[in-house]
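Examining the three-dimensional arrangement
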Amino acid sequence: MPKNSKVTQREHSNEHVTESVADLLALEEPVDYKQSVLNVAGETGGKQKVAEEELDAEDRPAWNSKLQYILAQIGFSVGLGNIWRFPYLCQKNGGGAYLVPYLVLLIIIGIPLFFLELAVGQRIRRGSIGVWHYVCPRLGGIGFSSCIVCLFVGLYYNVIIGWSVFYFFKSFQYPLPWSECPVIRNGTVAVVEPECEKSSATTYFWYREALDISNSISESGGLNWKMTVCLLVAWSIVGMAVVKGIQSSGKVMYFSSLFPYVVLACFLVRGLLLRGAVDGILHMFTPKLDKMLDPQVWREAATQVFFALGLGFGGVIAFSSYNKQDNNCHFDAALVSFINFFTSVLATLVVFAVLGFKANIMNEKCVVENAEKILGYLNSNVLSRDLIPPHVNFSHLTTKDYSEMYNVIMTVKEKQFSALGLDPCLLEDELDKSVQGTGLAFIAFTEAMTHFPASPFWSVMFFLMLINLGLGSMIGTMAGITTPIIDTFKVPKEMFTVGCCVFAFFVGLLFVQRSGNYFVTMFDDYSATLPLTVIVILENIAVAWIYGTKKFMQELTEMLGFRPYRFYFYMWKFVSPLCMAVLTTASIIQLGVSPPGYSAWIKEEAAERYLYFPNWAMALLITLIAVATLPIPVVFILRHFHLLSDGSNTLSVSYKKGRMMKDISNLEENDETRFILSKWQLLPWNEGSWSSEVCHQEPLFLRKDR
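Residues numbered from 1 in each chain as written. Predicted model: local features only at pLDDT ≥ 70, side-chain atom pairs only at ≥ 80, totals over all residues. Heavy atoms only, no water.

As recorded by an unreviewed UniProt entry, the chain carries the name Transporter and is attributed to Rattus norvegicus. According to its UniProt record, the chain has this under Subcellular location (unreviewed entry): "Membrane". The Sequence similarities (unreviewed entry) comment attached to the chain in UniProt states, word for word, "Belongs to the sodium:neurotransmitter symporter (SNF) (TC 2.A.22) family." (UniProt positions renumbered as here; feature names shortened; annotations may be inferred.)

See the structure below:
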């Protein structure tokens, strides 16, 4: 501290007071540490910087109400994955058995880390870059990696909103345009489109009319102009929702977060009234216990937990940074996590009820088609009429009658049976046909809705729901990009937000090529998953092992007014990082054992075929993963070798009446300000000297000896 520092006094208690060390120690009256915070700066520039940060914290926007904040967190965490990815994983991984690993990982990883992100964001009141620089400067790259992952996710996520916009406007027709195959007329002859006839009307509309997809990722095929326009509409909607920050996005959340629940409730009631709905729901809740021991199931459950709660993206931290210091984020973590899980289960009930209805329709269609084959064989004497049970009536053939007839023919004609080409037409087989991700929403669900009375109404409601779910998640994703950058670099909010949307639209043109859907698969399944896991692990380590779990728990007690459950201490300290390390290792091994690939739609075959990514696509994928994780080691190296300043040469402690805020970094050995620290007692390091050596970080609270 300069020897000639002056004493400045203010009459109003909420203005800054800057005093020399001697003046502070010479005060005759004791300092009320509950009502004031100390401010000592090593240099003039340091004083100005701290003053600016204090004023910025005071002027920081805040949520209009607690409800608005909760809806924002729900809107961010509850997204499209709850509607199509969670039901697909249930269907694929053993029905009710999948809920066991998901719930276990939600409790030991999801909720503790969600609470951790809420707490650090609320306490430090900065975006992800500022938060992790504050907790541990050498791990400040975590915040930059979060921003990059948010960018990757936002690029393809808004494309999905664009697809929903396309289907939304196409839904204002009767009959729905994907309800029947198109007819091609060649003179007086009319034939059904061969590609559609081989697949189905909804599949054809998705791949040919909507995406106009190419046969592989290597065949670009140029831009799909319809999807380009829809992408522009999607980015325009997102831009208008986030341009003013939480002032604009907070109001949008009232509709975008609540409307999907209205639609889900309507679909659940309608779905339960459908014939065959119970079959679908029973199929969902019938557990296949062998799946619970499959490591792949646990790995996919962990990934779903990360994406479902928005862990590692920075959106959770950004939203919580606009809270008041005394907000009960402990309650918020439990509430939002429960609502997220409840929404996933509700959406799964709706999906399986509708898929049960669809499975019954497809099973009846199978019975009719195969019954016609059997009648043909009877008329051509290929089969004897003695094989048909006497009570069977072909004009009113039930699935039970067909099953009995099928078994008799298979037993008698065992050697020639395969040549007959008869299908068993089992309802279980239809229910077991898992459809992944976009295929569930844009093929399976849309096909089921074509059989609904007033199908256009249900279609409009469904895709409007998808748009709102996607919008809520995109608002959080954009907050994960803009809030840290604006906080750190003080760029103009509106200009930077609009610039991000424009930039993302032009980069997003990659996804609206005819091969764009394959790039969506690359980004969704691979480019974000591994970096996200690494980010979440390092967040946990930064707080629990470097900053110190005991110290962090003590500061939470100061902030919340009560001590969080001891459960969180053990989760943060031991269980969560160990589980995540195992799951990350499993993910890396899985990538090595099963090379990444994608499902390509082959036009000539009118069917999907699994293809591996070519070498150039693998190089792009590896580059994306490297770019997302690179800031972490780069910032660590730069700060370790003092090539990048972390503000470690000044002691800056601010005091204002009624608030307590710390901005202290490590001190030089002979710094004069160590004199003042001899008069003050800091909260204990608890975790040993390793913490201070790695991060040079003091506790968030500075307390005078009582």
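Still to come is the rest of the account.
Attention now goes to the overall build of the chain. For the chain, the helix and strand inventory stands at 29 helices and eight strands. Per-residue burial for the chain yields a buried fraction of 57% across its 706 residues. Of all intrachain contacts in the chain linking residues separated by at least 6 positions in sequence, the fraction that spans at least 24 positions is 78%. With the model as given, the accessible surface of the chain reaches about 30400 Å², and the carbon-plus-sulfur share is 62%. (Helix = DSSP H or I, 4+ residues; strand = E, 2+ residues; numbered from the N terminus. Buried < 20%, exposed > 50% of the residue type's maximum accessible area, 1.4 Å probe, protein only. Contact = heavy atoms within 4.5 Å. Areas by Shrake-Rupley, 256 points an atom, 1.4 Å probe, with all protein chains shown as cover.)

Here the chain averages 82 in pLDDT, and 83% of its residues register 70 or above. Considering each helix and strand of the chain separately, the mean pLDDT is smallest for strand β5 (residues 651-656), with a value of 37, and largest for helix α10 (residues 225-242), with 96. Here residues 648-694 scores under 50 on pLDDT; set against residues more than four positions off or in separate chains, the count is 139 contacts. (pLDDT = per-residue confidence, 0-100.)

Here we take up the state of the cysteines. Applying the stated rule across the entire model yields two disulfides. Through a disulfide, C181 is tied to C196; the S-S separation comes to 1.9 Å. Between C181 and C196 the sulfur-sulfur dihedral comes to about -80 degrees; the bridge is accordingly left-handed. Of this pair, C181 sits in the loop between α7 (141-170) and β1 (183-186) while C196 sits in helix α8 (residues 194-198), and the two are 15 residues apart along the sequence. Using a relative accessible area of 1% as the deciding quantity, one classes C196 as buried. Covalent S-S linkage joins C366 and C425, the inter-sulfur distance amounting to 1.9 Å. A torsion of -75 degrees about the S-S bond marks the disulfide between C366 and C425 as left-handed. Placement of the pair is C366 in helix α16 (residues 329-379) and C425 in the loop between α18 (417-420) and α19 (427-431), with a sequence separation of 59 residues. Accessibility expressed as a relative area gives 13% for C366, which makes it buried. Unpaired in terms of disulfides, C150 finds its nearest cysteine sulfur in C147, a separation of 6.6 Å. (Disulfide = S-S within 2.5 Å.)

Moving on to the environment of V502. Relative to the assigned elements, V502 resides in helix α22 (residues 493-507). Sequence spacing of V502 and L232 is 270 residues, and the spatial spacing of their C-alpha atoms is 9.2 Å.

This paragraph deals with the environment of S321. Residue placement: S321 occurs in the loop between α15 (315-320) and α16. Ignoring sequence-local partners within four residues, the contact set of S321 consists of R60, G121, Q122, R125, R126 and T483. Within the structure, S321 has its side chain in polar contact with the backbone oxygen of A318 (distance 2.6 Å). (Polar contact = N/O pair within 3.5 Å; in protein donor to acceptor, adjacent residues only side chain to side chain.)

Taken together, the side chains of F636, I637, F641 and L643 make up a nonpolar region of the molecular surface, amounting to roughly 420 Å² of accessible area. Tracing the sequence through the fold places I637 in helix α27 (residues 631-640). (Patch = residues over 30% accessible without salt bridge, like charges linked within 9 Å, V, L, I, M, F, W, Y side chains within 5 Å. Salt bridge = Lys/Arg side-chain N within 4 Å of Asp/Glu carboxyl O.)

Looking now at the pattern of salt bridges. Pairs may arise between side chains of opposite charge once their charged atoms sit close together. This model, assessed by the stated rule, comprises nine salt bridges. Between E494 and K244 there is a salt bridge, with its nearest N and O atoms 3.9 Å apart. With a gap of 250 residues between them, E494 in helix α22 and K244 in the loop between α10 and α11 (246-256) connect regions that are remote in the sequence. The class of E494 is partly exposed, set by a relative accessible area of 33%. One salt bridge connects R275 with E364, and the closest N-O pair in it is separated by 2.5 Å. Within this pair, whereas R275 is found in the loop between α12 (259-272) and α13 (277-285), its partner E364 is found in helix α16, the two being separated by 89 residues in sequence. Each of E195, R208, D212 and R514 takes part in one network of salt bridges that share partners.

Turning to the packing of α7 against α10, a few remarks are in order. In a packed pair of helices, the relevant descriptors are the angle between the two axes and the axis-to-axis distance. Direction vectors running N to C along α7 and α10 enclose 110 degrees, while the axes themselves pass 8 Å from each other. One finds that α7 runs roughly perpendicular with respect to α10. α7 and α10 meet at a crossing whose hand is right-handed. On α10, the residues that touch G154, N158, V159, I161, G162, W163, V165 and F166 of α7 are K226, M227, C230, L231, V233, A234, W235 and V238. When the residues that make up the contact of α7 with α10 are grouped by side-chain class, the tally is twelve nonpolar, three polar and one charged. (Axes fitted to C-alpha atoms, helices over the stretch in contact; angles between N-to-C directions. Parallel < 35°, antiparallel > 145°, perpendicular 65-115°, else oblique. Left-handed = near helix turned anticlockwise from the far one by under 90°. Nonpolar A, V, L, I, M, F, W, Y, C, P; charged D, E, K, R; others polar.)

Moving on: the packing of aromatic side chains. The description of two aromatic rings rests on the distance between their centres and on the angle between their planes. Tallying each qualifying case throughout the model produces 56 aromatic pairs. Taken together, a centroid distance of 6.2 Å and an interplanar angle of 45 degrees make the contact between F519 and W616 tilted. One end of the pair, F519, is in helix α23 (residues 516-527); the other, W616, is in helix α26 (residues 615-629), and 97 residues separate them in sequence. The side chain of R270 reaches across the aromatic face of F452, ending 5.5 Å from its centre. (Phe/Tyr/Trp six-rings, centres within 6.5 Å; stacked < 30°, edge-to-face > 60°. Lys NZ or Arg CZ within 6 Å of the ring centre and 35° of its normal.)

In this model helix α3 (residues 66-77) runs 17 Å from its N-terminal to its C-terminal C-alpha over twelve residues, within 8% of the 16 Å that 1.5 Å per residue would give. When you tally the buried positions in α3, you get ten out of twelve residues, the bulk of the element. Here α3 has its buried residues at Q68, Y69, I70, L71, A72, Q73, I74, G75, F76 and S77. (Expected span 1.5 Å × (residues − 1).)

Moving on to the side chain of N363. Positionally, N363 belongs in helix α16. Contacts of N363, omitting those with residues within four sequence positions, involve T399, C425, L426, L427 and E430.

α16 packs onto α3 with a crossing angle of 45 degrees between their chain directions and a minimal axis gap of 10 Å. Comparing the axis directions of α3 and α16 gives the class oblique. In the packing of α3 onto α16, the handedness of the crossing is right-handed. For the pair α3 and α16, the contacting residues are K66, Y69, I70, Q73, I74 and S77 in the first and D332, L335, V336, I339 and N340 in the second.

Turning to the nonpolar core, a few remarks are in order. Counting residues in each nonpolar core, the largest one holds 184 residues, and the members touching the most others are W132 and W572. When residues of this core are assigned to their parent elements, the largest contribution, 17 residues, is made by α7. Every residue in contact with W132, bar those within four places of it in the chain, is listed here: L116, V120, P137, L139, G140, I142, G143, I317, E539, A542 and V543. In terms of nonpolar packing, the next biggest core, distinct from the first, is built from 18 residues, V367, I388, L397 and C425 among them. (Core = buried A, V, L, I, M, F, W, Y, C linked by side-chain atoms within 4.5 Å.)

This next bit is on the environment of V305. Residue position: V305 is located in helix α14 (residues 295-309). On the basis of relative accessibility, which here comes to 1%, the residue V305 falls in the buried class. Expressed as a C-alpha distance, the spacing of V305 and I107, which sit 198 residues apart in the sequence, is 9.9 Å. Once residues lying within four places of it in the same chain are set aside, the contact partners of V305 are Y102, L105, L106 and G110.

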